[in-house]
Structure formats: structure tokens, C-alpha cells
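# Examining the three-dimensional arrangement
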Amino acid sequence: MSKELFDGKSFCVLPFIHLATHPIGTVTPCCITDMENDMSTSKKGEFNLFLNKDGLEDIANSNNFKKVRKKMLNNEFPSECKTCYFYEKNEIYSKRMESNLKFKHLIDGAKENTNEDGSLKTLDYRYIELRLGTVCNLKCVSCNPFSSNRWNEDVKVFKGTEFEKNYFKCDIRTEWYRDEKFYDELYEKATNLEEVWINGGEPTLIKEHGYFLKKLIDNDRSKNIDLHYSINLTSVPDDFIDMWKKFKHVRLHLSIDDLGERNDYIRYGSKWNQILENFEKIIQYKDIFRIEVCQTVSCMNVYNIDNFKKFFSEYGVIIAHNYVHHPTFQHVSILPNDLKQEIVSNLKFLREDEKLRLVGELYKENSETNLLDKFKSFISILDKKRNIEISNYLNEWKTI
């Protein structure tokens, strides 16, 4: 990795060109800004702004969004973006660096389109991420009720525990992702759109977003737009495949976290045979779609990260790693040092940059204490509700 990429600056193009939605309808400057206490969520006063209730202009030019942009233009470091700054401090490639490189051609125009107070002169989204609600058919351990409605089935067991404040029933008051009026407004506020990333919940279960794709296709705009999806491979609808073919480039992120029964435990509700069958279906399109397996890396599967890389590398696909940062008690750094050393010493298939990032995550300092005990308490409660036991699926947990 070139040292020139680590420029020591704070500017990121995303808050100037990007719409990052969240399942309940809130919006942040990007998908990995700090979510603690809603610090990065678009607000009016103390109240969050919501898609389909509040206009996109009001959301984009909310006070905290303006503050982030203004700080970046002054080369100050907004706390909302501390994750990327942490990576770069440790010479790890960050989303900020990736985005500035990808959208380098937009940086000068983005700055010119920004007023002194940080507001945008004209709203014209170039990159959109749509997290289409919480409708999902899985309830992954690393997920929560705010990304999967199936998690609502389990939250009662956390009532009266230390986890209650983060695991409670999530009722989406407005299904913004099903409303054609939202997609019409978005279409008008993204006249020079270059990229759309769609995830969920599980986006293949939300048929209504096909209205937006079809509108881009029918108006001859799709041929100039890159389309990205994150799907869980429980189904691959043929009608979506037909629409995907009409876009400039298509990148499919296939959410798989481990192999065999290990994956069934972590991605609760999935069946490995079904996942492999649908993987074999989608891999047939690897000559026209860019296919990536996206592994959400947590304390539950990091032990098997190298075997996972080996397995999917044999299919000739890209493997991407998305490290869990929230909740902190599922981060890979909570593991005992002897297990961390075993993981690192046995690596054979990860690239050097992947090893560097893994080591950085494993030995990341955390201000919280007793996180391993907290995870054990959490998983014990959850396993009891689901009538399973972690050590029966993830062998390394028998001795932790």
C-alpha cells in the first residue's frame, strides 16, 4: 500500500455526495460513522429526521451534517468519523481512503458545491446506499432487531439484563422503502447518479425497490450506473437478475460468515446446503457480475477466517472482510491472547494487507473491560432461547 494514500488529512468525499440510509429510515454521512447515541444521525434539534417523513434536502443539510462537512473543509477531524481515522493511524486502508480514490473526480466539485456553513448548494447524490428496512428471514447472532425483524422473536429474553437497552422490539413506523413517492424524490435528487448499493434486512424480500431500478432502466440511466447488492443467498430471484443485467457494472456481495454448521449457528435460520446451492446458481454469472463473498468477522468466526478464505478462493471470487464493531463485546479483540496468537501463527491464505488488518483488529485497544465475560453472558441467554449451544458448533469455544 502506497504511503501517499495515508495523507493525514480529514477530508472524505462521502458526506458531500452520498446518501447512507438505515433500515428504520434514519440517515448518516456514511455506513460506518459512529452510531453511539445517534451522534452521526441526521437531526433537527434533538430529534432524528426520517426518510419519507422529512425531505431529502432537510436531511442532507441538517445541522450535524453541515458540521461534519465544515470540519472536514477546515481539516479538522469530526468524531463521527473516528473509525477511518483509527485505521489510518495504524496504516490500515480505510473507507475514507477508498472513497476518495474511487470518487476522486468529484472532490473539487463537491467542495465548490458546499457553502461556508457546510450546507450543500445543490443536492445531487452520486452514490446511494439503500438499507431496505428490517425485513429478513435470518436472525444472525451479530445482527439485531434494527436490521432484522426476526430478531424481535428473541428480544424478550434480554428484558431485565444489561443487554435490554440495545435489544428490544423494533417497530418501523413508516415503511419508507415500499413507498414509490420516496423513490420518485430520490430519482429527482440524483440526476447524475453513479452508484447504488442495496442491502437490508434482506433486499430480495422487498420487491418494491424494483420500482426504482425499473425507473432507472426505463429512462435509459441504468447503463451509466454501477449497481451493488448485499444478499444473504437464501434466495436469488430470477426477475432481479434480469434487471441487474441492465446496469453498467454489477457487484454482488454475498453475505456468508463461516462454513457448514458454523455458518448455520452464526447466521441463525440459514441452511448451509441451501446457501451453497444458491451460491452455485449465482456463480454462473461471474463473467458478467463481480461476485464477492462478504464475511462479517466477529469473535465467533475469526478463528476460522483462514479456512474460509481458502474455501471461497477456490471459486475464483473476491473475499471481503467486514469487522464487527458494534456491539463491542462481539469484536475480535475480546478473545484471549493465546487464541489470538494461534490464529495469527496459523495464517496461510490471507494476503499481507488482510493479515495487517486482522492483527490491528485483534490487538485493538478498548476502553471497556470484561467484554469477554459480557459476550459469554449474552450468548448464554441467546443460546438458551434458541435451544442450542455455541460450543457444539464453534469448537474453539469449548475452551474459552
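For the structure, see preceding data.
Quick notes on the rules
- Residues numbered from 1 in each chain as written.
- Predicted model: local features only at pLDDT ≥ 70, side-chain atom pairs only at ≥ 80, totals over all residues.
- Heavy atoms only, no water.
- Helix = DSSP H or I, 4+ residues; strand = E, 2+ residues; numbered from the N terminus.
- Axes fitted to C-alpha atoms, helices over the stretch in contact; angles between N-to-C directions.
- Left-handed = near helix turned anticlockwise from the far one by under 90°.
- Contact = heavy atoms within 4.5 Å.
- Nonpolar A, V, L, I, M, F, W, Y, C, P; charged D, E, K, R; others polar.
- Phe/Tyr/Trp six-rings, centres within 6.5 Å; stacked < 30°, edge-to-face > 60°.
- Lys NZ or Arg CZ within 6 Å of the ring centre and 35° of its normal.
- Buried < 20%, exposed > 50% of the residue type's maximum accessible area, 1.4 Å probe, protein only.
- Pairing = 2+ DSSP bridges.

Take Ile172: it is sitting in the loop between β5 (127–131) and α7 (180–188). Separated by 148 residues in the primary sequence, Ile172 and Ile24 have C-alpha atoms spaced 5.7 Å apart.

Turning next to the packing of α7 against helix α8 (residues 210–218). Orientation of α7 relative to α8, taken along the N-to-C sense of each, is 35°, at an axis distance of 9 Å. Crossing hand, α7 versus α8: right-handed. Taking contact as the criterion, the partners of Glu180, Tyr183, Asp184, Leu186 and Tyr187 in α7 are, on α8, Tyr211, Phe212, Lys215 and Leu216. In the contact of α7 with α8, the residues fall into 6 nonpolar, no polar and 3 charged.

The next thing to look at is unusual backbone geometry. With an omega of 25°, the peptide bond between Gly200 and Gly201 qualifies as cis. Position of Gly201 relative to the elements: it lies in the loop between β6 (195–199) and α8. With an omega of 0°, the peptide bond between His326 and Pro327 qualifies as cis. Position of Pro327 among the secondary structure elements: in the loop between β10 (318–323) and α13 (337–345). One non-glycine residue, Glu91, adopts positive backbone phi at about 60°. Secondary-structure assignment places Glu91 in the loop between α4 (82–89) and α5 (95–102).

Within this structure, the stated rule accounts for 31 aromatic pairs. Ring centres of Phe311 and Tyr315 lie 5.8 Å apart, and the angle between their planes is 55°; this geometry places the pair in the tilted category. An aromatic cluster of three or more residues is present, and its members are Trp151, Phe158, Phe163, Tyr167, Phe329 and Phe378. Looking at Arg386, its charged tip hangs above the ring of Trp151, at a distance of 5.1 Å from the centre.

Our next topic: the pairing of β5. With 5 of 5 residues buried, β5 is to be regarded as a mostly interior element. Residues Tyr127, Glu129 and Arg131 point to one face of β5 and Ile128 and Leu130 to the other, with burial holding for every one of them. Taken together, the 3 bridges between strand β1 (residues 18–21) and β5 define a ladder with parallel strand orientation. Along β5, the bridge assignment pairs Leu19 with Ile128.

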